[in-house]
Amino acid sequence: MKWVKFVGTLKHSLFNTTNNKLFPSYTLTVDKNPDTEDFTSIQDAIDSLFFINLVRVVIQVHAGVYEEKVNIPPLKSLITIEGEGVEKIVVQWGDTAQTIGPNGKPLGTFGSAIFAVNSPYLIAKNITLKVDKLKKKPKHKENFSQIFLVGS
């Protein structure tokens with residue numbers, strides 16, 4: 001609530017709905033080769049957007065295996081992630097619910113997601129999400145990985 005007080009009220013233009021939910025305002029490209037495109041990882045392309053994104057942005061992902069976790073924060077809405085083809089684009093990672101995170105505690109189910117979407121109006125197409133080989137064999141049958149997480 002401190003942040004709402006900072007901008008004034010919920011009637012501030014920041015909280016208005018956008019008129020352009022479908023048509024792209026600009027396009028970013030991702031490729032494993034750093035010399036050819038804007039970014040080498042999907043997460044870097046997402047992180048490059050304004051903190052509060054109010055226009056449709058297309059992130060075109062070129063063929064390759066991207067070993068990364070993708071997290072779309074709540075205020076970066078209206079993103080389209082478009083691959084060259086389901087068989088050509090793979091996003092993979094190997095965390096489980098019991099993987100130890102940066103704070104020294106297990107990640108848990110939500111923290112183990114390969115692709116976490118916490119913002120509205122995402123369009124994702126022609127991308128394969130895959131759990132990579134787990135780095136350690138699970139000790140418990142409850143030790144699993146979440147592939148796709150949609151938050152609110």
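Everything below is about the structure printed above this text.
Residues numbered from 1 in each chain as written. Predicted model: local features only at pLDDT ≥ 70, side-chain atom pairs only at ≥ 80, totals over all residues. Heavy atoms only, no water.

Here the focus is the overall build of the protein chain. For the protein chain, the helix and strand inventory stands at 3 helices and 10 strands. Reading the helices (α) and strands (β) of the protein chain from amino to carboxyl end gives α-β-α-β-β-β-β-β-α-β-β-β-β. A buried classification covers 37% of the 152 residues belonging to the protein chain. Put simply, 68% of the contacts in the protein chain that link residues at least 6 apart link residues at least 24 apart. (Helix = DSSP H or I, 4+ residues; strand = E, 2+ residues; numbered from the N terminus. Buried < 20%, exposed > 50% of the residue type's maximum accessible area, 1.4 Å probe, protein only. Contact = heavy atoms within 4.5 Å.)

What follows is about the sheet that holds strand E8 (residues 123-125). Spatial ordering of the open sheet is given by E1-E2-E5-E8, a layout of 4 strands whose pairing is parallel. Sheet topology places strand E1 (26-30) and E8 at the edges, where each strand pairs with a single neighbour. In this sheet, neighbouring strand axes are inclined to one another by 15 degrees on average, regardless of whether the strands run parallel or antiparallel. Across 5 bridges, E1 lies against strand E2 (residues 57-61) in parallel orientation. Bridging from a neighbouring strand, Thr 27 pairs with Val 58 of E2. (Pairing = 2+ DSSP bridges. Axes fitted to C-alpha atoms, helices over the stretch in contact; angles between N-to-C directions.)

Another point: the sheet that holds strand E6 (residues 89-93). What the 3 strands build is an open sheet, ordered E3-E6-E9; its pairing is parallel. The sheet is open, and its two borders are formed by strand E3 (64-67) and strand E9 (128-131), each paired with just one other strand. Averaged over all pairs of adjacent strands, the angle between strand axes in this sheet comes to 25 degrees, irrespective of strand direction. Note that E3 and E6 share 4 bridges and pair parallel. Residue pairing in the sheet places Glu 67 in a bridge with Gln 92 of E6.

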